[in-house]
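Each chain, written out:
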Amino acid sequence: MICSTIQSIDKALVARRFAHARNTYGREALVQQQVAEKMLRLLTKHACPSAAAHNGEGNTRSLSGNASPFRHIVEFGCGTGCYSRLLLHALQPETLLLNDLCPEMRECICDLLPAGEPLPHRPLLYDDKVELYGAKVPLEKAKVPLYGTPLISPTVSFLPCDAETLDFPQGTDLITSCSTLQWFADTERFFTRCHRFLSDGGILAFSTFGKRNMQEIHTLTGHGLEYFSLEELKALLSSRFEVLYAEEEIVSLPFGTPLEVLQHLRQTGVTGTEKRVWTRGRLQSFCEEYIRMYGKDDRSVSLTYHPIYVIARKRGKTK
């Protein structure tokens, strides 16, 4: 049984931490890079044949053919664009809508967007209601551009806002993400929204992290996200999606000292739940306890990551 599917997330704090780390994320986020590469391999292996068989048009699509198996793709939580570049190169969709909580991430994906075109203050073509991060629109409704008239270019567009409030373009073939879902407040509601916007037989593919993720930090500080287990995620999906593939793994990232662990977390931006000040005394106690509980003979330590991969296909309409 799932006790609660809702967690309290300070999205403004999360956005600030990731925005601050955007220039160091690519260097430090080694696990997230590996997860993105594996997610794409799994997606092309387990979802592309399904997309071909269930595209609703009676046509067969494949990566080796002229047409992409996914014409219209949305990536939520695109961040610095690691997974975005893989998607664009491998799947070559007609449209790719990139979304992130941080407007500053546009700097990191500018190579994917037309040069010299600033982000408009308002979308050019409207669909449905969306809450823009960092902006209040009391009179005019900020909305998502429809496919065929993207916000930035004919192929790739970028929309900074909270993905939990974003109405994706109707008829999206693939909604996907890497290492983002764990930051959501209401995962079950988000899955319901994805089902609504996906095309018939559309694919929801994501990686997230499980309950053992950064267990050392949670044990020593008492802070951390409320992660779902793989079975809990499958249960949340079951009424609206057929799970085509699901996997989890444990990755141990080595560090010379506990201080290096904290620096790694800060430089990847994943400190969005920690609000306490790190005094000298607190830092010393943290390092001593980390070594005592998790240190090796040479006093080096490691940090646990618990990646989860899920690929699911939209079921028919539910009552």
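These figures come from a predicted structure and were not determined experimentally. (Residues numbered from 1 in each chain as written. Predicted model: local features only at pLDDT ≥ 70, side-chain atom pairs only at ≥ 80, totals over all residues. Heavy atoms only, no water.)

Concerning the overall build of the protein chain
And then number 1: Scanning the protein chain for helices and strands turns up ten helices and nine strands.
And then number 2: Burial statistics for the protein chain: of 319 residues in total, 53% are counted as buried.
And then number 3: Relative to all contacts within the protein chain whose residues are 6 or more apart in sequence, the contacts with residues 24 or more apart total 77%.
And then number 4: Carbon together with sulfur atoms contributes 51% to the accessible area of the protein chain, which is approximately 15400 Å² in total. (Helix = DSSP H or I, 4+ residues; strand = E, 2+ residues; numbered from the N terminus. Buried < 20%, exposed > 50% of the residue type's maximum accessible area, 1.4 Å probe, protein only. Contact = heavy atoms within 4.5 Å. Areas by Shrake-Rupley, 256 points an atom, 1.4 Å probe, with all protein chains shown as cover.)

Some thoughts on the packing of helix α9 (residues 258-268) against helix α10 (residues 280-294)
And then number 1: Across the interface, α9 lies against α10 with an axial gap of 9 Å and an inter-helix angle of 110 degrees. Comparing their axes, α10 and α9 come out roughly perpendicular. Here P258, L259, V261 and L262 of α9 come into contact with α10, specifically with L283, F286, C287, Y290 and I291. (Axes fitted to C-alpha atoms, helices over the stretch in contact; angles between N-to-C directions. Parallel < 35°, antiparallel > 145°, perpendicular 65-115°, else oblique.)

A closer look at the packing of aromatic side chains
And then number 1: Counting across every chain of the model gives eleven aromatic pairs.
And then number 2: When the centroid spacing of 6.1 Å and the interplanar angle of 85 degrees are considered together, the rings of F168 and F190 count as edge-to-face. Here F190 lies in helix α6 (residues 187-197) and F168 lies in the loop between β3 (156-160) and β4 (172-178), a separation of 22 residues in the sequence. Judged on exposure class, the residue F168 and its partner F190 are both buried. (Phe/Tyr/Trp six-rings, centres within 6.5 Å; stacked < 30°, edge-to-face > 60°.)

Examining the nonpolar core
And then number 1: Ranked by internal contacts, the top residues of the largest apolar core, which has 59 residues, are L43, F70 and L303.
And then number 2: At seven residues, helix α3 (residues 30-46) tops the list of elements feeding residues into this core.
And then number 3: In this structure L43 touches C48, F70, Y83, L87, L91, L174, I203, A205 and I311, once residues within four positions along its chain are discounted.
And then number 4: Counting 27 residues, the second largest nonpolar core, distinct from the first, contains A163, L166, L204 and A312. (Core = buried A, V, L, I, M, F, W, Y, C linked by side-chain atoms within 4.5 Å.)

Focus: the pattern of salt bridges
And then number 1: Inspection of every chain in the model, using the stated rule, returns 13 salt bridges.
And then number 2: Look at the salt bridges and you will find they share partners, linking K11, D162 and E164 into a network. (Salt bridge = Lys/Arg side-chain N within 4 Å of Asp/Glu carboxyl O.)

Some words on α6
And then number 1: Within the sequence span of α6, burial applies to T187, F190, F191, R193, C194, H195 and F197.
And then number 2: Among the structural elements, β1 (72-76), β4, β5 (198-209), α8 (230-237), β6 (241-248) and β9 (307-314) are those in contact with the buried residues of α6.

Regarding the sheet that holds β6
And then number 1: In space, the seven strands of this open sheet follow the order β3-β2-β1-β4-β5-β9-β6, with mixed pairing throughout. Each having just a single partner strand, β3 and β6 make up the two edges of the open sheet. Strand-to-strand twist of the sheet, defined as the mean angle between neighbouring strand axes without regard to direction, takes the value 15 degrees.
And then number 2: Pairing of strand β2 (residues 95-100) with β3 involves five bridges; the strand directions are parallel. Looking at the pairing, L96 lines up with V156 of β3.
And then number 3: Across the sheet, helix α5 (residues 82-91) is in contact with β1, β2, β3 and β4; its angle to β4 comes to roughly 145 degrees. (Pairing = 2+ DSSP bridges.)

Things to note about the confidence of the model for the protein chain
Predicted coordinates in areas of low pLDDT are best not read in detail.
And then number 1: Overall, the predicted model of the protein chain reaches an average pLDDT of 82, with 78% of residues at or above 70.
And then number 2: In this model residues 50-62 is a low-confidence stretch, pLDDT under 50, and it forms 17 contacts with partners more than four residues away in sequence or in other chains.
And then number 3: For residues 119-154, every residue scores under 50 in pLDDT, and the model assigns this stretch 88 contacts once sequence neighbours within four places are set aside. (pLDDT = per-residue confidence, 0-100.)

Digging into the side chain of N99
And then number 1: Considering the arrangement of structural elements, one finds N99 in strand β2.
And then number 2: Judged by relative accessible area, N99 falls into the buried class, the value being 1%.
And then number 3: Within the structure, N99 has its side chain in polar contact with the backbone oxygen of L159 (distance 3.1 Å). (Polar contact = N/O pair within 3.5 Å; in protein donor to acceptor, adjacent residues only side chain to side chain.)

Comments concerning the environment of T24
And then number 1: As for its placement among the helices and strands, T24 is situated in the loop between α1 (11-20) and α2 (25-28).
And then number 2: In sequence terms T24 and G269 are 245 residues apart; their C-alpha atoms lie 8.9 Å from each other.
And then number 3: Here Q267 takes part through its backbone oxygen, which lies 2.7 Å from a polar atom of the side chain of T24.

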